[in-house]
Structures are given as structure tokens and as C-alpha cells.
Amino acid sequence: MDSIRITGGVPLTGTIAISGAKNAALPLMACGLLTDERLTLTNVAKLADLATMSDLLAQHGIAVEPDGRNTSLGGRITNTEAPYDIVRKMRASILVLGPLLARVGEARVSLPGGCAIGTRPVDLHLKGLEAMGAKISLDGGYIDASAPHGLKGADFVFPFVSVGATENLLMAASLADGITTLKNAAREPEITDLATCLTAMGAKIEGIGTDTLVVEGVKSLHGATHAILPDRIETGTYACAAAITGGDIFLENARASDLGAVLTSLREAGVVITEAENGFRVTRANGLHGVDVMTEPFPGFPTDMQAQFMALMAVAQGASMITETIFENRFMHVPELNRMGAKVNVHGSSAIIRGVPKLSGAPVMATDLRASFSLVLAALAAEGETTIARVYHLDRGYESVEQKLAGCGARIERVH
């Protein structure tokens, strides 16, 4: 397996172009199951997770044709089973369940895999679809679902916010018979992006951007062209890279409006954010100081930025506390950061970080997607050389990491 070798201590300077959002692209690709006509997505990043989704859609009968930054999807559904061999690689594979049920009235989807950061049960996906009339059973690690008479509009209240379940039910409701109301729905920018694309395909959705989505089902959806929004997690990650190295990076195409809580926390830590028309610049006025954060659904601090922010706090003056409320097993990067000289202690769902003057290079191992970049950030700031193993996690969600960082002066290379 590949690893990444970094020699730290270089302040990063330059421009990094932010790619299209992975977490938006995955449900948008699943929209290709909702119509026989061609759906074209633009601003598509080249990521392992998107390749996995392409493979999954292809075996359902949907041809996925990449062309540079554009991807065209189209075809008729010929198979309704999402097999374990593909689904085990990525949790977002569950997003084909709602569209398959809505279009052809049946689906057999393997229980999903992905990063081992928590149990992340799919019960809300299933309960919502059952409320819409689906018959669902679990058999041999598969979800067997049917709706022979079609899905029906329903009122569904999420007991807690779930991005994936909101996406699945939103897609399914677009073709259901009647009106579906989703209450306590997720409000992440990726949900808004999905609703905007569905609307362009002919869906009737009210309340976009709020926690109550009202969907009037239509008999069919048509093709459309949709530009994927910039990746807010990639944006926040590279903002941390500028801050942790004391550098000066302009994040091109970044949308500050999608990063409210992250930018607020960065500013409180001493990071200077200067917004411009086509992105924003990240610098550091003086030193960093500790800031407490708690992960929450949007517009709160995103769980997908927790590991990266912890790396930043590891070299900040004073103490800070990070509380994880979304996933119960998302501190696996802590032992690896401590190998590099960080002082982090975990107490239940909170991590106490006592900032140190410097980190030291060491061999470390990535445990999941976002944790892998927290180690990259630590390595960029550390004295000496760091080798990060199992970086296939990194490739799932970050495009051209070595090229983007090397373009800003990082001493980084991939070792095959």
C-alpha cells in the first residue's frame, strides 16, 4: 500500500483550487437512477469514493461517462441489487436504496461499510421508507425492500439529524405519490445542492435550506446539468494547513458561507481570514491559541473537520477541548498524533489538548479519511520526517493532495 512522506517545517504559500464536494457528488450521482434521461454533473473531483459510486451505478445499468471535470450519467435500470463487494467500500452506497425503490419498486442493498468511525445505523433510512409504504426486511446482511404499488407521500420526523437519511428520503419522495414532509431534516449545504439538482430535474421541493422539506411527488424526472458546489471540508482542511504552518494560502473557489462555524473557530484561534470574490485568503497574524469546539449538525462545527482542527490545536498555546457528538469512535487519530509529540487525552466523548511548542516527525498510520489528513497537517508542522501509512483513506476524499501541497512549497512525496 502507498504511504506519504513529509518533511515538515515549511510555511505554505500560494494558491490551492478547491475541488467539487465529495459529500455532494455521491448523492448527486445516485440521482442518475431517478431518470432515463441524461444527467450531467460539472465540477466533479477525481476521488476513489466517486469511482466506487460509478462502479455501483454501472452494475445497476447506469452508464457513467467522465469527461474532464464533467460526468454524464444515463441508462435504464437493469439490476436492483447493490452487492456487498462494492457497498463494503463506502457507506454512501446506501444512497441507491431510495432511488431504486422510487423508480422500480424494489431494491436489495448490502448493509454498508466505509470508515470505522462509529456504528452509523441505517435505521432512519429504513423507517422513513417504511413510512412511505415500503416493505423492508433484513436477510444475510442485505436490505430487501419493495414497494410494488409505488411509494406514497408521508410525514416523517427525524428523531435526530441524519444527512444520509435526509438525502435518501428526499430522492425517494421526489417520485412518490403525494406530498412528503420531512421534519428535522439535515440542513448541510450538500442537502441544498441535492435539492437544487432535483428541482432542475423537475422535482417540486419547498423549504430548501431549512429543517422542514416539503416534496410534492411527480410522475417522472428529466435530465439536467448541475454544477457541484465547492468542497467545504477540503476548504477547511487547507485553511488548517495554512494556519498550522504559519503560511499564506489563497483558497480559490472556496465558499466562506458554507464554513461559518469553522471560520469562526479559526478566527478565535488567531487565524486571519480575508474574503474575496472567488475565495478567501488564510494567514496567521501571530501565534495560535486554544479554542474549544463541539461537533454538531450544520450550521454547527462539522464532525468531518474535528480531526484536522485537533491537529491545529496540538500546536496552539494553552489548552483546548474538542467534544464529539456525532460519532462515538472518532478519536482514533489521537494515539498517532501523540506519537508525534502532541499531548491529547480522551475522556469519553471529549478530548483535552494541551498545546506543545513543536511536533516531531514519526511513522504513523491513517485510520480513516479525515484522520489521515490530520496526520498530514501535523507532519507539515513537525520537525523532521513523517511517513503516513494506509493513505488509501486519503484518496477517498481528497484530490491531488501531494500536488496541491507541493505547489505551496510542502516537501511531500508519495511512496509506492
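Computed from a predicted structure; not experimentally measured.

**Q** It is not clear to me how the pairing of strand β17 (residues 279–284) should be interpreted in this structure. Could you clarify?
**A** Where a strand is regular, its side chains alternate between the two sheet faces. Where strand β15 (residues 248–252) lies against β17, four bridges are found, and the strand directions are antiparallel. Residue E252 lies in a different strand from β17, and its bridge partner there is G279. Summarising the sheet, strand β16 (residues 271–276) and β17 pair through six bridges and their orientation is antiparallel. The residue bridging V271 from the neighbouring strand is R284, located in β17.

**Q** Even after reading the chapter, I still don't get the sheet that holds strand β23 (residues 385–389), so can you show me in this structure?
**A** Working definition: the strands of a sheet are paired by backbone hydrogen bonds and lie parallel or antiparallel to each other. Ordered by their spatial adjacency, four strands build an open sheet running β22-β23-β1-β24, and the pairing between neighbours is mixed. Of all the strands in the sheet, the pair left with one neighbour each is β22 (363–365) and β24 (411–415). Taking each pair of neighbouring strands and ignoring which way they run, the sheet shows an average axis angle of 20°.

**Q** How should I be thinking about empty space enclosed by the protein in this particular structure?
**A** It is a probe the size of a water molecule, rolled over the atoms, that shows where empty space is left. In total, this model carries two cavities of 30 Å³ or more according to the counting rule given. Each pocket or cavity is described by its volume, and for the largest cavity that value is around 40 Å³. Together, R232, D258, L259, G260, A261, V262, F298, P299, G300 and P302 line the largest cavity. Counting residues per element, the lining of the largest cavity draws most heavily on helix α9 (residues 260–268), which supplies three residues. Here the residues of the lining of the largest cavity sort into six nonpolar, two polar and two charged. Estimated volume of the second largest cavity: approximately 40 Å³. Around the second largest cavity sit S19, G20, L47, D231, E234, G397, Y398 and E399, which together line it.

**Q** Is there a simple way to think about the confidence of the model for the chain in this case?
**A** The predicted coordinates ought not to be read in detail in places where the model reports low pLDDT. Per-chain confidence: the chain averages 95 in pLDDT, with 97% of residues scoring 70 or above. When the criterion is pLDDT under 50, residues 114–120 qualifies, and its contacts beyond four places in sequence or with other chains add up to 22 contacts.

**Q** How should the sheet that holds strand β18 (residues 293–294) be read in this particular structure?
**A** Within the open sheet, the four strands sit side by side as β18-β19-β21-β20. Their pairing is mixed. Edge strands, defined here as strands with exactly one partner in the open sheet, are β18 and β20 (343–347). The pairing of strand β19 (residues 319–323) with strand β21 (residues 350–354) spans five bridges and is classified as antiparallel. Looking at the pairing, A319 lines up with R354 of β21.

**Q** Explain the packing of helix α10 (residues 306–313) against helix α12 (residues 369–381) here, please?
**A** Relative to each other, α10 and α12 sit at 20°, their axes nearing to 7 Å. As the angle between them shows, α10 and α12 are arranged roughly parallel. Relative to α12, α10 is oriented so that their crossing is right-handed. Contacts between α10 and α12 involve A307, Q308 and A311 from the first element and R370, A371, S374, L377 and A378 from the second. Of the residues assigned to the contact of α10 with α12, the class counts are five nonpolar, two polar and one charged.

Conventions we followed
- Residues numbered from 1 in each chain as written.
- Predicted model: local features only at pLDDT ≥ 70, side-chain atom pairs only at ≥ 80, totals over all residues.
- Heavy atoms only, no water.
- Pairing = 2+ DSSP bridges.
- Helix = DSSP H or I, 4+ residues; strand = E, 2+ residues; numbered from the N terminus.
- Axes fitted to C-alpha atoms, helices over the stretch in contact; angles between N-to-C directions.
- 1 Å grid on protein atoms, 1.4 Å probe; cavity = no way out; pocket = protein on both sides within 12 Å on 5 of 7 lines; lining within 4 Å.
- Points joined across faces, edges and corners; volume = space filled by probe spheres on them.
- Nonpolar A, V, L, I, M, F, W, Y, C, P; charged D, E, K, R; others polar.
- pLDDT = per-residue confidence, 0-100.
- Contact = heavy atoms within 4.5 Å.
- Parallel < 35°, antiparallel > 145°, perpendicular 65-115°, else oblique.
- Left-handed = near helix turned anticlockwise from the far one by under 90°.

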